[in-house]
Amino acid sequence: MDKILEGLVSSSHPLPLKRVIVRRVVESAETPLSQAQCHAMFTLSTRLVLQGPDAFQRQVGRQVLEAYGRHHRAEFEAFFDRALVLSLLQHGYGQLSARDPAILDYIQAGLRLIMSCPSVLELFEVLQVEALRLVCERPAPPLCARLCQLLSDFPQCLPHGRKLSLAFCQQLVRSMAHFQSQGSREAELRLYVSQVTQVSALLRSVWKAKPDTLLPSLQELFAVISSADTSFEPSVALASLVQHIPLQMITVLIRSLTTDPNVKDASMTQALCRMIDWLSWPLAQHVETWVIALLKGLAAVQKFTILIDVTLLKIELVFNRLWFPLVRPGALAVLSHMLLSFQHSPEAFHLIVPHVVSLVHSFKRDGLPSSAAFLMQLSELIHCMMYHYSGFPELYEPILDAIKELPKPSEEKIKLILSQSAWTSQSSSLPSCLSRLSGKSETGKTGLINLGNTCYMNSVIQALFMATDFRRHVLSLNLNGCNSLMRKLQHLFAFLAHTQREAYAPRIFFEASRPPWFTPRSQQDCSEYLRFLLDRLHEEERTLRALSSAKAAESLVSEEAQAQETVHKRMFGGKLKTSICCLNCKSTSQKEEAFTDLSLAFCPPASVENVGPKCMEHSEVKDDYVVQSSILASSGAEEATLTNLEVNGGCDAVMNEGTIKNFSTEPNSGNTTNSELSGIQDNKDISQRLVGKNTPSVTDLLNYFLAPEILSGENKYYCEKCASLQNAEKTMQIIEEPEYLILTLLRFSYDPKCHIRRKILDNVSLPLVLELPLVPYMLSSVVVHSGVSSESGHYYSYARNVTGSGPSGLYTEMPKEWFLFNDSRVTFTSFQSVQKITSRFPKDTAYVLFYKKQNNTCGFSTNSANGLWVNGDPPLQKDLMDAITKDNKLYLQEQELSARTQALQAASASCSFRPNGFDDNDPPGSCGPTGGGGGGGFSTVGRLVF
């Protein structure tokens, strides 16, 4: 029969005839045969299977081998023995190499035939050893895939024992690292992917059956991809393993990797770059999840150098993966994270900017639902980045045009996305005792470092920065080559808007803006500083206009300077008209005066001895602002208190000049004792009883300021018409409203006995909407003074973004709309906290208020016509952006160095963690001996202002 079969396959008979003869040969397998005949048939069929010149002969060999092996199992068991299997695996068959997958095909067929025979156990042992040897020899994908298929069908052939199992898994990982596709055609690529899938599926089954092999396998995987050997580039086929790693292990594995001191930066950088390359693997799942987790883990331990290097190296490759639908979801996820977290510099974003428009047009052309969905996500990402780096209109204009038809995310959503994505916002995976330098708080706002009693400046600067229209005006100015105070303010505002630091140190601006009479490192009056600052800025703009006007050739500069001054005047400058009517001849004199802020005196308290019409004891005009001060007095036995103020009536009580007696005891060197504080509280109780249930409001104080005043007695008016002193009525009217109305509450009065300025601690209600005769104003900022005198205490401010237009009627507070700026610390707060601050902390009182005019504009557009002011703020000039980028990179390096230092000390050092949140049950803070803080302002421990 063997001779018939051999003659058949080599004959020239027609194929149908050959098949008939083969079928008869197979049927004859049931016929009893001698051992020699069986051996001859097995040898022939083996030769046909392994060396058949064509597919027909190989098929005939398999059919005959299976038929004769099934009917003559004992004879086949003797033929298919250990020696044959070893010879095939180690030496091949004739001209057929041992590394040919056909060898494994034949062995697998033989194992099926003898599965019920005792000798199969011996073959399993042989194959366990040979399987490990094969993977150590780095088989090509076809052979490795065929081996894994055999081992999947016959798991008894897998190496046994923990050491051998570990070695097998690790070596199989190494083998996969050497995989390369043998062609570039689609069919070849599909075959290659299926082979890789077969190998990774075997590893998954081993990991599942023997969990203790997983972690060593992953360690081997990391060792491969972190290798710095430039002569070897691991295959992206390793990406197929990621989907088989349980996601529950992410936290443990990432923490282990990022905190292991043995993992060098170069190795981590190499590994991360190669993991990002895995995004190109078409069927890989969860690659993006692991890549993003590792990026976040590195950010949590402040390894920013790695993050910067990897992002700049790979951002373009990740973006290019968006062109391929199979890998687009993962690529977009990684791209979004890389861009949104890279917030210290526009460099990464600008690497992909030139390619955005063509990709957008491609998504639009293909019209697929999936492409439309991805386009929406990409558009949102691009809007976030252009918002964050809005200083490059020439780059963004084509992009804005390409995505103009797509929905634009709200500013609130953009801010939330950016705040949650920054490297400095990633929660640390280190133990809680290992503190870290934090970046910006969750508010996204930047604090100002106290340089030594500079809280008066910090609180004012933050209020000005939050004055949206003023900030945009300052940032829009072209001040290149100028060393003016306005240029320094522009620099400070730019850093407050774009720095990655939690708090910025305004040293240069402080030295340039500090009034000459302010003693360094001493507490000062924030209202006085604010007036000085605004006057300086106004004078600078007038000087610039004068200088540029003298140069006819520079008319454009002149126009710009004039426009800047006009805007500045309208921002904070208003006009008051003072009219004095002689009560004798009825003649009236009028005078118009400019003001920067209005200083509102408290209504004098009721007194039996001093009853009369409203009287201004002292008033004066200084430069462009009006100061109105009121000195309150009482006898030594009486306490100075406030009466209730009526909105339209003003006050009837007048007090003569003298010393205020608001305290039961006198302060000692600026420190407040328990008895003093008790006296303060007693005074407030008396005041509240006399005043009644209603707290005076800012509206009341403003009405009192504008109320008619009778000039009589020592204050008679000299009438030129009458040529004598006459009783007169004085009235004031605001005839030009500024964009920002600044109101200073005159809480300090001079005590000549103690030579200090005492403080009026009475609470004042702050209306959110202030209705002036012609226009409503919305409360924008509140500067609070904490303490009992102007020479001590602490300043902080509440603020929110208020634009030039908005509702003037019913107000509904938006969540996270108000911010508390307390030097370096910025937290979310609420308008309710602003309103209740004095009732909760008696020494913390509203001092300077900023109100924003509503339903009007400032004379310049806050949104450019071409839409390039993406975030509402104007683009930063290049030198400013470069300075910020440089400092942000320096900051990340500082963070990284600090984290590495702390990591080295973590094992031996212990430390406590203090939460950075603001609890409304605690006072906002203090930097003075009588400031708020420490038990609601009743601390007996003196503090210095710092």
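Residues numbered from 1 in each chain as written. Predicted model: local features only at pLDDT ≥ 70, side-chain atom pairs only at ≥ 80, totals over all residues. Heavy atoms only, no water.

A. Geometry of the overall build of the protein. Helices and strands together make up the secondary structure of the protein, namely 31 helices and 20 strands. Classification of the 946 residues of the protein by burial places 53% in the buried group. Long-range pairs, those at least 24 residues apart, make up 76% of the contacts in the protein with a sequence separation of at least 6. Of the roughly 41700 Å² of accessible surface on the protein, 54% is carried by carbon and sulfur atoms. (Helix = DSSP H or I, 4+ residues; strand = E, 2+ residues; numbered from the N terminus. Buried < 20%, exposed > 50% of the residue type's maximum accessible area, 1.4 Å probe, protein only. Contact = heavy atoms within 4.5 Å. Areas by Shrake-Rupley, 256 points an atom, 1.4 Å probe, with all protein chains shown as cover.)

B. Structural context of the packing of helix α7 (residues 101-113) against helix α9 (residues 141-153). The interhelical angle for the contact between α7 and α9, taken along N-to-C directions, is 10 degrees, at an axis separation of 9 Å. Here α7 is positioned roughly parallel relative to α9, judged by the angle of their axes. Of the residues in α9, those in contact with Pro-101, Leu-104, Asp-105, Ile-107, Gln-108 and Arg-112 of α7 are Pro-142, Leu-143, Arg-146, Leu-147, Gln-149, Leu-150 and Asp-153. For the contact of α7 with α9, the residue count by class is 7 nonpolar, 2 polar and 4 charged. (Axes fitted to C-alpha atoms, helices over the stretch in contact; angles between N-to-C directions. Parallel < 35°, antiparallel > 145°, perpendicular 65-115°, else oblique. Nonpolar A, V, L, I, M, F, W, Y, C, P; charged D, E, K, R; others polar.)

C. Fine view of the pairing of strand β16 (residues 776-786). With respect to burial, β16 is a largely interior element, 11 of its 11 residues being buried. Bridge analysis of strand β15 (residues 769-771) against β16 gives 3 bridges, and the strand direction is antiparallel. From the neighbouring strand, Leu-770 faces β16, where its bridge partner is Tyr-777. Hairpin remark: β15 followed by β16, antiparallel, with 4 residues in the connecting loop. Pairing geometry for β16 and strand β20 (residues 844-853), over 9 bridges, is antiparallel. Paired with Leu-779 across the two strands is Tyr-851, which belongs to β20. In this structure, β16 lies alongside strand β17 (residues 794-800), joined through 6 bridges in antiparallel fashion. (Pairing = 2+ DSSP bridges.)

D. Layout of the environment of Asp-401. Structurally, Asp-401 is set in helix α20 (residues 393-402). Relative accessible area serves as the criterion here: at 45%, Asp-401 is assigned to the partly exposed category. As for Asp-401 and Val-357, which are separated by 44 residues in sequence, their C-alpha atoms are 8.9 Å apart.

E. Focus on the sheet that holds strand β3 (residues 574-582). Pairing within the open sheet is antiparallel, and its 4 strands lie in the order β4-β3-β11-β8. On the outer flanks of this sheet lie β4 (588-595) and β8 (709-711), each paired with one strand and no other. Direction aside, neighbouring strands of the sheet carry axes that sit 30 degrees apart on average. Note: β8 against strand β11 (residues 728-736), 3 bridges, orientation antiparallel. Looking at β11, one finds that Glu-709 is bridged to Lys-730.

F. Layout of the packing of aromatic side chains. Counted according to the given criterion, the structure contains 22 aromatic pairs. Ring geometry for Phe-42 against Phe-79: centres 5.6 Å apart, planes inclined by 40 degrees, an arrangement best described as tilted. You can see Phe-42 sitting in helix α3 (residues 35-51) and its partner Phe-79 sitting in helix α5 (residues 73-79), a full 37 residues away along the chain. No difference in accessibility class separates Phe-42 from Phe-79, as the two residues are buried. Centroid distance Tyr-456 to Tyr-529: 5.5 Å. Interplanar angle 75 degrees. Geometry classified as edge-to-face. Here Tyr-456 is found in helix α22 (residues 455-465), whereas its partner Tyr-529 is found in helix α26 (residues 526-549), with 73 residues between them in sequence. No difference in accessibility class separates Tyr-456 from Tyr-529, as the two residues are buried. Three or more aromatic residues link up through ring pairs in this structure, and these residues are Phe-42, Phe-76, Phe-79, Phe-80 and Tyr-106. (Phe/Tyr/Trp six-rings, centres within 6.5 Å; stacked < 30°, edge-to-face > 60°.)

G. Quick look at the pairing of strand β13 (residues 748-751). As defined by bridge partners, β13 adjoins strand β14 (residues 756-759) across 4 bridges and the pair is classed as antiparallel. Each residue of the ladder has a partner; that of Ser-749, found in β14, is Arg-758. Two successive antiparallel strands, β13 and β14, enclose a turn made up of 4 residues, where His-755 displays a positive phi of approximately 60 degrees.

H. Inspection of unusual backbone geometry at higher detail. Even without glycine at this site, Asn-453 takes up a positive phi of about 60 degrees. Positionally, Asn-453 belongs in the loop between β1 (447-448) and α22. Since its relative accessible area comes to 8%, Asn-453 is described here as buried. The backbone phi angle of Arg-521 is positive, close to 65 degrees, even though this residue is not glycine.

I. Layout of the nonpolar core. If you look at the biggest cluster of nonpolar residues, it comprises 202 residues, and the most contacted ones within it are Ile-461 and Phe-470. Among the nonpolar cores identified, the runner-up in size contains 38 residues, and Leu-600, Met-732, Met-778 and Trp-818 belong to it. (Core = buried A, V, L, I, M, F, W, Y, C linked by side-chain atoms within 4.5 Å.)

J. Representation of the confidence of the model for the protein within the structure. Overall, the prediction assigns the protein a mean pLDDT of 78, with 75% of residues at 70 or greater. Within the protein, the element-level pLDDT minimum falls on strand β7 (residues 625-629), averaging 33, and the maximum on α22, averaging 96. In this model residues 606-613 is a low-confidence stretch, pLDDT under 50, and it forms 14 contacts with partners more than four residues away in sequence or in other chains. This model gives residues 806-810 a pLDDT under 50, and the stretch forms 9 contacts once residues within four places in sequence are excluded. (pLDDT = per-residue confidence, 0-100.)

K. Up close: the environment of Ser-441. When you line up the elements, Ser-441 lands in the loop between α21 (411-421) and β1. Sequence separation between Ser-441 and Ser-419 is 22 residues; the distance between their C-alpha atoms is 8.3 Å.

L. Expanded view of the pattern of salt bridges. Applying the stated criterion to the full structure yields 28 salt bridges. Across the pair Lys-413 and Glu-380 runs a salt bridge, and its minimum N-O distance is 2.8 Å. In this pair, Lys-413 is assigned in helix α21 and Glu-380 in helix α19 (residues 369-388), connecting sequence segments 33 residues apart. Using a relative accessible area of 40% as the deciding quantity, one classes Lys-413 as partly exposed. For Glu-380, a relative accessible area of 26% corresponds to the partly exposed category. Where Arg-531 meets Asp-597, a salt bridge forms, and the shortest distance between an N and an O atom there is 3.0 Å. (Salt bridge = Lys/Arg side-chain N within 4 Å of Asp/Glu carboxyl O.)

M. Local environment of helix α23 (residues 468-476). Counting buried residues along α23, 8 of its 9 residues qualify, which places the element largely inside the surrounding structure. Among all positions of α23, only Thr-468, Asp-469, Phe-470, Arg-471, Arg-472, His-473, Val-474 and Leu-475 are buried.

N. Structural detail: α21. Restricting attention to buried positions, one finds in α21 the residues Ile-414, Ile-417, Leu-418 and Ser-421. Looking straight down α21, one finds that the buried residues subtend no more than 95 degrees of arc, so they occupy a single side. Across from the buried face of α21, at angles greater than 90 degrees, the exposed residues are Glu-412 and Gln-420. Elements in contact with the buried residues of α21: α17 (328-341) and α19. (Arc of directions from axis to C-beta.)

O. Region of the structure containing the environment of Pro-515. Locating Pro-515 in the fold gives a position in the loop between α25 (507-513) and α26. Sequence spacing of Pro-515 and Phe-532 is 17 residues, and the spatial spacing of their C-alpha atoms is 6.9 Å. Not counting residues within four places of it along the chain, the set of residues in contact with Pro-515 comprises Tyr-529 and Phe-532.

P. Local environment of the packing of α3 against helix α4 (residues 55-71). Viewed as axis vectors pointing N to C, α3 and α4 meet at an angle of 145 degrees, and their least axial separation amounts to 7 Å. α4 is crossed by α3, and the crossing has left-handed handedness. On α4, the residues touching Met-41, Phe-42, Ser-45, Thr-46, Leu-48 and Val-49 of α3 are Gln-57, Arg-58, Val-60, Gly-61, Arg-62, Val-64, Leu-65, Tyr-68 and Gly-69. Split by residue class, the contact of α3 with α4 holds 8 nonpolar, 5 polar and 2 charged. (Left-handed = near helix turned anticlockwise from the far one by under 90°.)

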